[in-house]
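# Per-entry structural report
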Amino acid sequence: MTQARREPAILLAAGAVALAVSAIRPASYGTWLLEVLPALIAAPVLVLTYRRFPLSPLAYRLILAQALILMIGGHWTYAEVPAGNWVRDLFGLDRNPYDRLGHLFQGITPAIVAREILLRRTPLRPGRWLFALVVCVVLAISACWEFFEWWSALIGGSAADDFLGTQGDVWDTQWDMFLAMVGAILSQLVFARSKHAAPPGERR
């Protein structure tokens, strides 16, 4: 088995171990489940589609990175992640910024995945239209996640506060979507030409 074929299996195994560790005495099992739910859904989808539509090494690595961010946030809750508290205290911030990192990656990772799908399944080619459409896809995903948080709040009431992670910020939803947009733009500017990304025009 070549390195390229081994890597997805290694990343999947690493993600499974991290998931198990994150499930050990989390702050709240309900919050943990809600936070890691995207990873629990994505993993089987990626496994089932691997032979027919494998993603690039870059995409798989970013997916694992985002999954780890979700697991850490799920274990401690986003408002209480120790590293975020350290950054808050160091810079005198009024809130734990770990949630902001999560939403930045909510733009970074989906942007690369959406870009690969559009390049390989549509007539689009690298350029302004592809760039703009990828950002639009990411904003749509971010909006859907905010809907999910809203519905969770309606169902769970105050019990959903840890999952929402607003920390008293009335503009939290707007910040979340803005950071996802920033992540999508940065992701395309930084990673689009990486040798680990899917080559333009490669169709499978």
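For the structure, check the block above.
Notes on the structure follow. (Residues numbered from 1 in each chain as written. Predicted model: local features only at pLDDT ≥ 70, side-chain atom pairs only at ≥ 80, totals over all residues. Heavy atoms only, no water.)

With that settled, consider the nonpolar core. If you look at the biggest cluster of nonpolar residues, it comprises 19 residues, and the most contacted ones within it are Leu55 and Leu62. When residues of this core are traced back to their parent elements, those giving at least two are helix H3 (57–76) and helix H5 (98–121). Core analysis: the next-biggest nonpolar cluster, separate from the first, contains nine residues, Leu130, Val135, Val138 and Ala184 among them. (Core = buried A, V, L, I, M, F, W, Y, C linked by side-chain atoms within 4.5 Å. Buried < 20%, exposed > 50% of the residue type's maximum accessible area, 1.4 Å probe, protein only. Helix = DSSP H or I, 4+ residues; strand = E, 2+ residues; numbered from the N terminus.)

Our next topic: the packing of aromatic side chains. Under the counting rule described, the total for this entry stands at four aromatic pairs. A ring pair is formed by Tyr78 and Tyr98, whose centres lie 5.4 Å apart and whose planes are at 35°; its orientation type is tilted. Taken together, the positions of Tyr78 in the loop between H3 and helix H4 (82–91) and Tyr98 in helix H5 put the pair 20 residues apart, joining distant regions of the chain. On the accessibility criterion, Tyr98 (9% relative accessible area) is buried. Between Trp145 and Phe148 the ring centres are 5.2 Å apart and the planes differ by 50°, which places this aromatic pair in the tilted class. Highlighted residues: Trp145 and Phe148, both in helix H6 (residues 128–156), separated by three residues, approximately one helical turn. On the accessibility criterion, Trp145 (15% relative accessible area) is buried. The class for Phe148 is partly exposed, based on a relative accessible area of 23%. Lying across the ring of Phe53, Arg120 places its NZ or CZ 4.0 Å from the centre. (Phe/Tyr/Trp six-rings, centres within 6.5 Å; stacked < 30°, edge-to-face > 60°. Lys NZ or Arg CZ within 6 Å of the ring centre and 35° of its normal.)

Moving on, we come to unusual backbone geometry. Positive phi outside glycine occurs at Arg25, with the angle close to 45°. For Arg25, the location among the structural elements is in the loop between helix H1 (3–22) and helix H2 (29–49). A positive phi angle, near 80°, is found at Thr77, a position not held by glycine. Within the element layout of this structure, Thr77 appears in the loop between H3 and H4. According to the relative accessible area criterion, Thr77 is buried, its value standing at 4%.

None of this, on its own, says anything about what the molecule does.
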